[in-house]
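# Coordinates in review
Next come the chains, spelled out residue by residue.
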Amino acid sequence: MIQKAFARALGSLGYDMPEDLNWAVGGEAGDGIDSTGKIFAQALSRAGRHVFTSKDFASRIRGGYTAYKIRSSTERIESVVDRLDVLIALTERTVEENTDELHDDSVIIYDGERTMMEDFEAPGEMTALSVPLQRLAEDAGGAIMQNVVALGTACAVCGFDVSYLDESLEKRFGGKGSSIVANNKQAARAGRDFVAEEVEATFPYDIDTTDSDYVLLNGDEAIGMGAIAAGCRFYAGYPITPATNVMEYLKSRVEGFGGHVVQAEDELSAINMALGAARAGARSMTATSGPGIDLMAETFGLIATTETPLVICDVMRSGPSTGMPTKQEQGDLDMLLHGGHGEIPRIVVGATTIAECFHRTIEAFNLAEKYQTPVYLVADLALSVTEQTYPPEEFDMGAVEIDRGNLLQGEDIEEWTNESDQFTPHAATEDGISPRTIPGTAGGAHMTTGLEHDELGRRTEDTDIRVEQVDKRQRKVETAIEREEWTAREFGDGDADVLVLSWGSNEGAIREAMDRLEAEGTSIRLLSVPYLSPRPDLTAAIEEAEEVIVVECNATGQFADVIEHDVLARVKRINKYNGVRFDADGLATRITEAIGSDGGSGDSSDGSDERNEASDAETEQEITT
Amino acid sequence: MSSEVRFTDFKSDAQPTWCPGCGDFGTMNGMMKALANSGNHPDDTFIVAGIGCSGKIGTYMHSYALHGVHGRALPLGIGVKAANPDLEVMVAGGDGDGYSIGAGHFVHAVRRNLDMTYVVMDNRIYGLTKGQFSPTSREDFETATSPEGPQQSPVNPLALALASGATFIGQTFSSDAQRHTEVVKQAIEHDGFGFVNVYSPCVTFNDVDTYDYFRESLVDLGEEEGYDRTDDEAAIERIMDAEKEHQGVIYQDPDSVSYGDEHGLENSMADIPEGAPEGATDLVREFY
């Protein structure tokens, strides 16, 4: 593969590949793959190692295959790579699915006593380590623990103390009683001991541990935690991959902070419940994915017209229609920026990393209340299913600031009542931001409506008032542009000739690709853009650069279109829409290719090798709407 | 409770644009009286209105109010009530809003049983769009979109409510002001979802379900000796009786526990600290 060749080329240039371990467990859906992987990821995190996980749901061959992959290092990592060092294969297909990523030093752990694996032979020079997982699990108390036996074996293969598994086993099985926990710990040790006692081979892996303390979380959890930190008390949602984890996180947690979660009957209901709660004064949100945003579009206009603060989170997945529900895509930008009938002033903020999921959520709640406007909070599947380590200080609750905007209490209300003692919730102020009262506030009673209305919130078709109200709502966005810092996240060499622009989860893979390119002698400046509307003014940065490349996970280059429109200049595009996130290796290659290309919109190839694989494949029919 | 509140305190200074003689005048007056009579104050009351002639009600009443998009009034009301249980929440809509575009929400609002009131102004016609059949129109009711009648069974909203697990089902007639007010007041006081279907005649587009028709055909369960509103079988019998129209409280579950009580919703969610809430750091520790 090109990427492999490129990696070798880097190696010959004296560039050190990161000392990372790439580990996976794979099998059929229902084999407990996720929880097995999570236990190992937590153990690595507790051992002071950084972890970055990814999930293979769908298959290139046929449905049913699933894998949990972990990249781990003592150094910070932000991306996946296409290399697999240690693989627990519960099925032969798991190996077939990952042939491209396995190499001569790879170790495959499998159970050769199971009939489905008895004829298995490892490809190439790699080590096939047959361990009687099921038999050892039965000896330890039950066949169900065979995955834990495999984890013990994996520890031995990696030179990783099996006791690091104990804490995560306690976390996973603690609720089932101490004997279950003890059996699992025993099962892990049986898997380890088998290697010491029965296996003559030695393995090239001996991973380091550190004293660092890390937390391990995914993007949906970071959004949920950010929401609670920001004072969100009401959440209504309808289950949809990959946003459901936001709701599952909040359920059983937000109640402890005086909040509540409603699983609504559909997305129409969810957003309207969230809006009702916001009218009652609660910080309120809903989260969904593209199909849900479609359904919510009408109410989005109502939220904007009634000037209600509300956070609507879109965790994007592959579309259109039901698309590929468990696959990555950044295809909703056009809809988020322009969706809905009529002209709807809005704020659109996007997370670029898992930590940013937390920070931008808090910011979204403040922006919503300061400007009394709906805020789209954008994440994508790659963020939501990835678990990543961070120092706990990254989520500093002491630094959280709450700004509720122009929320009136007591005497201030008089200032905003007319001669008939009526409160004016849509007063056409200079900055566009009206006074706001919440129900229960004496003297603040008012109505509002999705009909065009006057300052009292009552329907009008008066032509002057119509213009006044449209202008005042639009003016709020102009005020926000003036008052807030709409900056991009900058990485790399600020003086580089090559400028890469991105939004969403691509940031990590681009940064790692940049490290490789830097070692090769190519400097890059990256602007990772969290503010999608309003946006940072990128005119100067684009004019200064010789090459501008926009990286995004969609087919048409929606962000690139926006940038071209903003700065009236052409950009190069790197797009990916086969359902798989960017990885650092592949991206480094494609950036190199793009720099050398003739330029012009749409010229850069979009990884057709990967695209063909995807289109040839029979993808998993997991319909999760 | 404040005895000084008069029903006119719930009236705004906006002039209704309903047709002269519209049933919605009576329906709204009864709602305002019921709110005042049950000790509510406009500053602590939230009216949610759907789309249709009925949806104009938020403008003509004085309280906190939200006029939403078509069919979504109930989810709005649920959000308001969940976020602040101290508010008196009353949702008003029409038969199109509640039983057609919003029918799905009706089923789920009923079964959730929040302590709120839902008043449906049922005129068996789409009036605001100038006369098309509605989900409660008779099978042979001729309109521009049903020249030979809809030729489909009308929705029986009371049966739909009962099948969805309703804890309070009332039906009234807008022109019987006293009974309408009484039943809506009982719906307000009910600990759960107080549903009242109000026959609210359209004088412009419906010449079948008229004031005269309802006056002649309505049987008042309040006057029927021995009618036990807590007897669900008696309620089913009345609700499924195609020959008669009933008014009064048709069914009430005496053991109703509202959603808020079931889920421990006690306080307004509007008050939050100026920083992250106490205990938020424990959320980070969970991820070790």
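Structure: above.
Residues numbered from 1 in each chain as written. Chains lettered and ligands numbered in written order. Predicted model: local features only at pLDDT ≥ 70, side-chain atom pairs only at ≥ 80, totals over all residues. Heavy atoms only, no water.

This part takes up the overall build of chain A. Broken down by element type, chain A carries 21 helices and 21 strands. On C-alpha atoms alone, chain A measures out to a radius of gyration of 26 Å, which is about the 25 Å that the 2.2 N^0.38 rule sets for 625 residues. A principal-axis box enclosing the C-alpha atoms of chain A has dimensions of 90 × 60 × 45 Å. The burial tally for chain A puts 61% of its 625 residues in the buried class. A fraction of 73% describes how many contacts in chain A between residues 6 or more apart in sequence connect residues 24 or more apart. Approximately 22900 Å² of chain A is accessible, and the part contributed by carbon and sulfur atoms is 44%. With 53 positive and 114 negative side-chain charges, chain A shows a spacing of 3 Å between the two charge centroids. (Helix = DSSP H or I, 4+ residues; strand = E, 2+ residues; numbered from the N terminus. Rg over C-alpha atoms; globule rule 2.2 N^0.38 Å. Buried < 20%, exposed > 50% of the residue type's maximum accessible area, 1.4 Å probe, protein only. Contact = heavy atoms within 4.5 Å. Areas by Shrake-Rupley, 256 points an atom, 1.4 Å probe, with all protein chains shown as cover. Lys, Arg positive; Asp, Glu negative; His and termini not counted. Charge placed at Lys NZ, Arg CZ, Asp CG, Glu CD.)

Each helix and strand counted, chain B has eleven helices and eight strands in total. Expected size for 288 residues packed as a compact globule is a radius of gyration near 19 Å; at 20 Å, chain B falls within 12% of this value. Its C-alpha atoms put chain B at 70 × 45 × 45 Å along the principal axes. Residues classed as buried in chain B amount to 59% of the 288 residues present. Taking all contacts inside chain B whose residues are at least 6 apart in sequence as the whole, residues at least 24 apart take part in 71%. Split by element, the accessible area of chain B, about 11600 Å² in all, is 46% carbon and sulfur. If the 18 positive side-chain charges of chain B are averaged to one point and the 46 negative ones to another, these points end up 5 Å apart.

Here we take up the packing of helix α10 (residues 267–279) of chain A against helix α3 (residues 73–83) of chain B. Relative to each other, α10 of chain A and α3 of chain B sit at 45 degrees, their axes nearing to 6 Å. When the axes of α10 of chain A and α3 of chain B are compared, the pair comes out oblique. Crossing geometry of α10 of chain A relative to α3 of chain B is assigned as right-handed. Judged by residue contacts, Ser-269, Asn-272, Met-273, Leu-275, Gly-276 and Ala-277 of chain A of α10 of chain A engage Pro-75, Leu-76, Ile-78, Gly-79, Val-80 and Ala-83 of chain B from α3 of chain B. In terms of residue class, the contact of α10 of chain A with α3 of chain B is made up of eight nonpolar, four polar and no charged. (Axes fitted to C-alpha atoms, helices over the stretch in contact; angles between N-to-C directions. Parallel < 35°, antiparallel > 145°, perpendicular 65-115°, else oblique. Left-handed = near helix turned anticlockwise from the far one by under 90°. Nonpolar A, V, L, I, M, F, W, Y, C, P; charged D, E, K, R; others polar.)

As a further point, take helix α17 (residues 506–520) of chain A. For an α-helix, 3.6 residues make a turn, and residues three or four places apart therefore share a direction. Residue and element names in this part refer to chain A. The end-to-end C-alpha distance of α17, which contains 15 residues, comes to 21 Å, matching closely the 21 Å that a straight helix rising 1.5 Å per residue would cover. For α17, the complete set of buried residues consists of Asn-506, Glu-507, Gly-508, Ala-509, Ile-510, Glu-512, Ala-513, Met-514, Arg-516 and Leu-517. Immediately downstream of α17, the backbone of Gly-521 shows phi near 105 degrees, a positive value. (Expected span 1.5 Å × (residues − 1).)

Strand pairing in a sheet relies on backbone hydrogen bonds. The paired strands run either parallel or antiparallel. In spatial order, the strands read β15(A)-β2(B)-β1(B)-β3(B)-β4(B)-β6(B)-β5(B)-β8(B)-β7(B); together these nine strands make up an open sheet with mixed pairing. Only two strands of the sheet have a single partner each, and these edge strands are β15 (447–449) of chain A together with β7 (218–220) of chain B. Pairwise comparison of adjacent strand axes, ignoring direction, gives a mean angle of 20 degrees for this sheet. Bridging between β15 of chain A and strand β2 (residues 64–67) of chain B involves three bridges; their strand directions are parallel. Within β2 of chain B, the residue paired with Met-447 of chain A across the bridge is Ala-65 of chain B. (Pairing = 2+ DSSP bridges.)

It is worth spelling out the pattern of salt bridges at this point. Close approach of charged atoms allows side chains of opposite charge to pair. Residues and elements named next belong to chain A. One pass over the full model with this rule turns up 55 salt bridges over all chains. Here Glu-369 and Arg-283 are joined by a salt bridge, their closest N and O atoms 2.8 Å apart. Placement of Glu-369 in helix α13 (residues 354–371) and of Arg-283 in strand β10 (residues 283–288) is noted, with a sequence separation of 86 residues between them. The pair formed by Glu-369 and Arg-283 is uniform in burial state, with each residue classed as buried. In this structure, the salt-bridge partner of Glu-484 is Lys-370, at a minimum N-O distance of 2.8 Å. Of this pair, Glu-484 sits in the loop between α16 (463–483) and β16 (489–492) while Lys-370 is found in helix α13, placing the two residues 114 residues apart along the sequence. Assessed through its relative accessible area of 17%, Glu-484 is described here as buried. Members of the salt-bridge network, linked through shared partners, are Asp-20, Arg-71, Arg-83, Asp-85, Glu-512, Arg-516 and Asp-585. (Salt bridge = Lys/Arg side-chain N within 4 Å of Asp/Glu carboxyl O.)

Before going further, it helps to spend a moment on the sheet that holds strand β12 (residues 347–350) of chain A. Residues and elements named next belong to chain A. Reading across the sheet, the seven strands line up as β9-β8-β10-β11-β13-β12-β19 and stay open at both edges, with mixed pairing between neighbours. Both edges of this open sheet fall to β9 (260–263) and β19 (531–533), since each of them pairs with a single strand only. Averaged over all neighbouring strand pairs, the angle between strand axes comes to 20 degrees, with direction disregarded. The pairing of β10 with strand β11 (residues 310–316) spans four bridges and is classified as parallel. Residue pairing for β11: Thr-286 is matched across the bridge by Ile-312.

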